[in-house]
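The chain contents come next:
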Amino acid sequence: MSLAAVNARRVLPLVTGLLLAALMLPPLAMLVHGSFAQTNAAGAVTGWTLHHFRALLTAPGVGTTLWNSLVFSAGSTVLSLAVGGLLAWLVERTNAPLRFLATLSTIISMGTPYVLHVVAWLFLLGPVGPANGLWQAAGGAGKLIEVQSMGGMILIEGFLWSPLVFLLLGATFRAANADMEEAARTSGASVPATIWRISLPLAMPAILALALFVFIRAIGAFEVPALVGIPSRIYVLTTTVFESMKTMPPDLGQASAFAVVMVAIVAVLLHFYGRLSANAEKYHSVTGKGFRPRPFDLGAWRWAAGALIVANFIIVLLLPMIALVWMALQRFPRGFSMAGLKTLTLSNFNAVIEAPNYLDLAFNSLLVAAGAASAIMALAAFAGWIAARNAPGGRVLDQLSTLSLVFPGIVLGVAVMEVYLRVPLPIYGTLWIILIAYIIRFMPFGMRYVYAGVLQLHRELEEAAAVAGAGTLTILRRIVAPLLRPAMVAGWLFIFLIANKELAIAVLLASPGAQVAAVAVFDLWVNGQGGELAAFGLLWTLLMTVVAVLFFWQSRRGGADIWGN
Amino acid sequence: MLTVERLTRIFANRYDTVAGGVREADFALAQGQFFTLLGPSGCGKTTTLRCIAGLEKPDAGRIVLAGRPLFDGAAGLLVPVHQRGIGMVFQSYAIWPHMTVFENVAFPLRVGRRMAREEIARQVDRALATVGLGAYGPRPATRLSGGQQQRVALARAIVHEPKLLLLDEPLSNLDAALREEMRIELRRLQREIGITTVYVTHDQSEALAMSDLIAVMDRGRIVQLDAPRAIYFTPASAFVARFIGAANLLAGVAAAAVAAGTLGAVRLDGGAVIQALFPAAAPAGTRLSVAVRPESITLGTPDGTANRLDGTLADVSFLGATLRCDVAVGAEMLRVATTADVAPAPGAAVRLAFAPQAAIALRAEG
Amino acid sequence: MGFARRAILHAAMLITAFAASPAHAAGADAALIEAARREGQVVWYSTLIVNQITRPLALAFEKKYPGIKVQYSRATSTDVALKIASEARAGRIQADVFDGSNTVFPLGDAGLVETYLVEAASAYPPELRDAKGTWTALNVYFMTAGYNTDLVKGADIPKTFDDLLDPKWAGKMAWTTDPTVNGAPGFIQNILALKGEAAGMAYLKALAGQKVVNIPASQRVVLDKVIAGEFPLGLMIFNHHATISAEQGAPVAWARLEPLVSNANLISAVKGAPHPNAARLFLEYVLSVEGQKEVAKSLYLPAHPRVQAQVAGLKPEAGGFKARIVTPDMLRAGEKGWTAIYQDLFR
């Protein structure tokens, strides 16, 4: 009898935990340190203070800011859950037509850099955009939509995150036991009644867990509150805090204090999240028995559902893409107009294609994103399995790997920089540091995918292997890994796509010779080269879509379903 | 072959004080025995099984398989599940959906030991043939009916010739006809291979039909450990009597002190006095439940030594081989199974008779 | 756009004139070049746009001094300050030179800036070079208002700051949230200096009543919004941006709200840099007439007094407009106060 095998069950959480701790804790320690440190111009610590926390809590209008943050986060969470959830349900559990359109919209919008999305939306709904333009052309007075408002913020953020909801809830709905719904139907319940009284309550733990996740993410969101909220003077916690970082010298103390407070709040939320996730287990599982979910027949409602999918496709994908194409084809920004048709030009695309560095940047980006996605999924596979199986230390692993969800990007970037400057390895100044920062930043997402995936595997599948003589590692390799493959692949792709969108960290940590495409996006954006930015973004989105579709196709061929589990 | 001593595994329960698990279970099985853990859900039977398998870590006790200690709480010994060399069939079958039938069955031969490819193929084919799935090897495991999956799970559990076979309610997911068929099949296979088997079920007819030895469990404890006939005819407690079959239980008190294993008088709550067999000694006035099986009672044919009760026929159901009569005796409703040729009409006054040896006086519950 | 066309012509003539004069790097003596060559590279933490100026300058330097590679990365000035300060604390300085309009101050306070009097910059006016040699201006900026020429015509074009208080501009003006002298704080200091403390504050309060929209993006993005017609007026935009866009046919021009706010992008060497000689050589090059002409070519406004801008009218001397230079000293003394006024009135 091998001693290693005996200990695998105990050693595995330990090793995984150590790795996670090594990744997550040093930046956290830096944050905590920074939140209490009084520093001089050189950033050297000269003493200890509670000033940053006091400043955070006593800032003028802190109540309003807090309220705005809550409204913004709650609103965008509800919107993304409603949109993403409804679509996921239609795609996974009904016979609605054109379901592929929803998946397509999701993939492509996931591959589009955030800044571009927001820019496109601001253009579409802005004062000279087609929405208000048509309104005024139809004789409407003033503006139909004031996009730079709380409503606009919620709208844009909600649509930004609905793909995540779509993907994760899709997995839940797919694993739902159709028997329970059919039992309701045969008891005389209508389709809406069945959804309301059976499907929804069954999926509720999963939905709530996801809602909490999206909510936490929205609290830490920065791009949309800044670009959409600041012009209309609507401040949320993140935008307030970040003003302190833009002053010279940058004041990291308050941002660190904010991050520390957020980590504390989120630790509490995560506690509940863990319990919700655990409850989600009761309701769905891929058992060792034959399992084939059967879709709802929507009857005449099919076409209404199809119309909804098409509407989503138009709103989430088609309109922003048209806006981007329009912007990319103009030499300077202008609203949709006949006059604009005469000035169409490919010069922006030419500029992008001819720029000498974009190819290198793109290559580096793909390399780092793929590396981060692989490392995260590998680590998350162990951590997620241990956590989902409630093994000793599972809760700790879950918390550890979800910690970074609220580190604001730039704060995390600074913390990672501080840590790895002190590591006597060639990490700082190379692509490695961006890779490590990405791993830390996106670990929570990988964890979610694996966790949800494992919950759907009936425990007895693993127990059967154990009884058959397989040790822990063999079970992971021969049983869990193959069964988790769809969740792993989906998680990998998700991280790959969002890692390629990350701006703040990439710009901060990039160094000569170690640059990624995000730096170019940042350059173009800051420089106001909207046309070239749109052109670059479109080509980038195309590349991401090709990668995603290849994955999709490959895994379909393998007989598994990639999107979710 | 398998010895389980004072096995204890208690689950802490946050919400109420009645914790699940198993307490101080003791039993010993001989080679080739078919042993059933029987009881209602939550009685601890599955926990016991999972402790034997190694899927659950007992709090205390000792488990020894074929002379090899698998668990010894006092010595701090715990053999991990994958090194116990046992076979197990799960309630859900746990057929791995990403493998073919062949690969599923071959799995135990491939992990943790070196075996030639041909040898594996030979053993898998033999196991599949044993369960009647000879030609199914290349099939994807997801393309099987429930019964076929069950057979695959069984083949997988026996392919590596384990010393012990554990079955966790394997028939509960099958339809009635298939269940009947598989029950016979399973018993035949078990006899053929001669493998010591621990079987978990809540279905008393399965237990009675298949087992050499039955342990009836209630709230974590083994309340009776006996052969099926003994369990059926001489239940050790009112709980066993009720659980094992649809026994009539008549409430009463001991009219006088009675020694163990002798007949004694019981005054029923309705006033009648009957003679019953006392498995355990009881002082006068002890609250009793007298178990009488429906098939031990006859209608209207009194004989000299029999107990008699008068009642009214409330309902008659035709069950083919027998008639089921529900007879109201005072406040109690008694069930009587009688042969089909006697067919009184509901509402008729009837006299019930049963032998004193067929009436088991058990200490009342609670 | 008669003015712009004339200006371009003018500039082209000037450039030709300069090209004829002997190109030399005044301070780049043989010993420095040799030492720099041995170091092999210079690392530049830049705040400038890579494709427009950072790379062209790097390439021009590499061409002139083969064997010395310019490694550059680009970030905001706060990022650059953070990175260098962090590197220094960890004892692993990577940067040799850096630029930025205010990056040098916190780093100077932290003792991380090399004092080196760039010979090539000896002709620079005192407000564009530090007497101690901690910084020299690489390029200069002139900030003013830009307007959409389709929406704002003739008499509507603001000519004085007071014109901005006309009720018709309420809610129709935008500026960047950049908290530097290139943003609202620069505007505020200009008004206070122009009108005096009391009248200046009164003006600013009145302007706050006009609800200037804060755009959390660069001056260039603000100008783009003006071009797109989202706002007729954009405050604190770079005058050369307006000219560049107008040349491409965009309906935009800059207003002569005098004095314009002027400030400079400062370049410095890092103390304890890994390639100190290459750093000096690089400074000598980019601040020389030759290097400054590269700056002009990339449409930035060169700091060198003898080098004209590509569009000459963008600099006060050739353009005939007044500008108030915000010197680093003024900046250090006043920035906190200006920012506070911005926070109070306009946020």
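Our subject is the structure listed above.
Trainee: Teacher, can you tell me more about the overall build of chain B here?
Mentor: The helix and strand inventory of chain B stands at 8 helices and 21 strands. Counting across all 366 residues of chain B, residues that qualify as buried make up 42%.

Trainee: When you look at the overall build of chain A in this model, what are you seeing that I'm missing?
Mentor: Scanning chain A from terminus to terminus reveals 24 helices and 2 strands. Looking at chain A residue by residue over its 565 residues, the buried ones come to 57%. Sequence separation of 24 or more characterises 80% of the internal contacts of chain A that already satisfy a separation of 6 or more.

Trainee: Could you clarify how one ought to interpret the interface of chain A and chain C in this entry?
Mentor: Often, the extent of an interface is quoted as the loss of accessible area upon association of its parts. Every contact between the two is made by 45 residues of chain A and, on the other side, 51 residues of chain C. For the side of chain A that touches chain C, the secondary-structure elements that each account for two or more residues are helix H10 (223-229), helix H11 (237-246), helix H18 (409-421), helix H22 (504-509) and helix H23 (517-526) of chain A. Ranked by the residues each element gives to the side of chain A that touches chain C, the list is headed by H18 of chain A, at 4 residues. Of the residues belonging to the side of chain A that touches chain C, the class tally is 26 nonpolar, 12 polar and 7 charged.

Trainee: Honestly, the sheet that holds strand S8 (residues 164-168) of chain B in this entry has me stumped. Any pointers?
Mentor: What links the strands of a sheet is backbone hydrogen bonding, and the strands pair in either a parallel or an antiparallel sense. All names here are of chain B. If you walk across this open sheet you meet the 6 strands as S7-S8-S9-S3-S10-S11, and the pairing is mixed. Only two strands of the sheet have a single partner each, and these edge strands are strand S7 (86-89) and strand S11 (221-226). Sheet twist, expressed as the mean angle between neighbouring strand axes with direction ignored, is 15°. Contacts from helix H4 (residues 146-158) reach S7 and S8 within the one sheet, and its direction differs from that of S7 by about 170°.

Trainee: Even after reading the chapter, I still don't get H4 of chain B, so can you show me in this structure?
Mentor: Working note: α-helix, 3.6 residues per turn, so residues spaced by three or four point in the same direction. Residues and elements named next belong to chain B. The end-to-end C-alpha separation of H4 is 19 Å, in line with the 18 Å expected for 13 residues at 1.5 Å each. Within H4, 12 of the 13 residues are buried, which leaves the element mostly enclosed by the surrounding structure. Listed in full, the buried residues belonging to H4 are Gly147, Gln148, Gln149, Gln150, Arg151, Val152, Ala153, Leu154, Ala155, Arg156, Ala157 and Ile158. Close packing links the buried residues of H4 with S7, helix H2 (101-110), helix H3 (117-130), S8 and helix H5 (176-193).

Trainee: How should I be thinking about the nonpolar core in this particular structure?
Mentor: Note on soluble globular proteins: their nonpolar side chains tend to be buried together. All names here are of chain A. Counting residues in hydrophobic clusters, the biggest one holds 422 residues, and the most contacted among them are Ala372 and Ile434. When residues in this core are grouped by element, the largest group, 19 residues, is from helix H19 (residues 431-455). Not counting the four nearest positions on each side in its chain, Ile434 is found in contact with Val368, Ala506, Leu509, Ala510, Ala514 and Val516.

Trainee: Help me understand the environment of Asn390 of chain A in this model?
Mentor: As for its placement among the helices and strands, Asn390 of chain A is situated in the loop between helix H16 (358-388) and helix H17 (394-402). Residue classification places Asn390 of chain A among the partly exposed residues on the basis of 13 C-beta atoms within 10 Å.

Trainee: When you look at the pairing of S8 of chain B in this model, what are you seeing that I'm missing?
Mentor: Looking along a regular strand, one sees side chains alternate from face to face of the sheet. Residues and elements named next belong to chain B. Burial analysis of S8 places 5 of its 5 residues in the buried class, which makes it a mostly covered element. Alternating positions in S8 separate into two faces, Leu164, Leu166 and Asp168 on one and Leu165 and Leu167 on the other, with burial throughout. Where S7 lies against S8, 4 bridges are found, and the strand directions are parallel. Note on S8: the bridge partner recorded for Gly87 is Leu165. As defined by bridge partners, S8 adjoins strand S9 (residues 196-201) across 5 bridges and the pair is classed as parallel. Residue pairing across strands places Leu164 opposite Thr196, the latter belonging to S9. Crossover S8 to S9 through H5 is right-handed.

Trainee: Explain the interface of chain A and chain B here, please?
Mentor: Chain A puts 22 residues into the contact, and the matching count from chain B is 25 residues. At the level of elements, helix H20 (459-467) and helix H21 (472-499) of chain A are the ones that each hand at least two residues to the side of chain A that touches chain B.

Trainee: Before we go on, may I ask you to explain the sheet that holds strand S18 (residues 322-329) of chain B in this structure?
Mentor: Residue and element names in this part refer to chain B. An order of S16-S20-S17-S18-S19 is seen for the 5 strands of this open sheet, with the pairing classed as antiparallel. Strand pairing shows two members of the sheet lacking a second neighbour, strand S16 (298-299) and strand S19 (332-339), which therefore form its edges. Pairing analysis gives 6 bridges linking strand S17 (residues 307-318) to S18, with the strands arranged antiparallel. Counterpart to Asp315 in the pairing with S18 is Asp326.

Trainee: For this particular structure, what's the right way to read the packing of helix H7 (residues 197-209) of chain C against helix H13 (residues 328-346) of chain C?
Mentor: Helix packing for two helices is described by the angle between their axes and how far apart those axes are. Residues and elements named next belong to chain C. Relative to each other, H7 and H13 sit at 40°, their axes nearing to 10 Å. Taken together, the axis directions place H7 and H13 in an arrangement best described as oblique. The way H7 lies across H13 gives a crossing that is right-handed. Seen from H7, the contacting residues are Leu204, Lys205 and Ala208; seen from H13, they are Ile341, Leu345 and Phe346.

Trainee: Hey, could you run me through helix H4 (residues 77-89) of chain C in this one?
Mentor: All names here are of chain C. The terminal C-alpha atoms of H4 lie 18 Å apart, and with 13 residues this matches the ideal 18 Å at 1.5 Å per residue to within 8%. Most of H4 sits inside the fold, with 11 of its 13 residues counted as buried. Of all the positions in H4, only Ser77, Thr78, Asp79, Val80, Ala81, Leu82, Lys83, Ile84, Ala85, Glu87 and Ala88 are classed as buried. The first or second residue beyond H4 is Gly91, which carries a positive phi of 70°.

Trainee: What is the right way to look at the environment of Tyr116 of chain C in this model?
Mentor: Inspection of the secondary structure puts Tyr116 of chain C in the loop between helix H5 (104-109) and strand S4 (136-148). Once the C-alpha coordinates of Tyr116 of chain C and Trp135 of chain C are considered, the two residues, 19 residues apart in sequence, prove to be 8.1 Å apart.

Trainee: Got a minute to help me understand the arrangement of the chains in this structure?
Mentor: Highest in contacts among the 2 pairs of chains that touch are chains A and C. A gap remains between chain B and chain C, with no contact made and the closest C-alpha atoms lying 49 Å from each other.

Trainee: What is the right way to look at the packing of helix H6 (residues 184-195) of chain C against H7 of chain C in this model?
Mentor: Residues and elements named next belong to chain C. Taken N-terminus to C-terminus, the directions of H6 and H7 make an angle of 135°; their axes are 7 Å apart at the nearest point. The pairing of H6 with H7 is recorded here as oblique in orientation. Crossing geometry of H6 relative to H7 is assigned as right-handed. Here H6 contributes Ile188, Ile191, Leu192 and Lys195 to the contact with H7, which in turn contributes Glu197, Ala199, Gly200, Tyr203 and Leu204. The class makeup of the residues in the contact of H6 with H7 is 6 nonpolar, 1 polar and 2 charged.

Cut-offs used in this document
- Residues numbered from 1 in each chain as written.
- Chains lettered and ligands numbered in written order.
- Predicted model: local features only at pLDDT ≥ 70, side-chain atom pairs only at ≥ 80, totals over all residues.
- Helix = DSSP H or I, 4+ residues; strand = E, 2+ residues; numbered from the N terminus.
- Buried ≥ 20, exposed ≤ 12 C-beta atoms within 10 Å, placed from the backbone.
- Contact = placed C-beta atoms within 7 Å.
- Nonpolar A, V, L, I, M, F, W, Y, C, P; charged D, E, K, R; others polar.
- Pairing = 2+ DSSP bridges.
- Axes fitted to C-alpha atoms, helices over the stretch in contact; angles between N-to-C directions.
- Expected span 1.5 Å × (residues − 1).
- Core = buried A, V, L, I, M, F, W, Y, C linked by C-beta atoms within 7 Å.
- Right-handed = clockwise from strand over helix to strand, strands pointing away.
- Parallel < 35°, antiparallel > 145°, perpendicular 65-115°, else oblique.
- Left-handed = near helix turned anticlockwise from the far one by under 90°.

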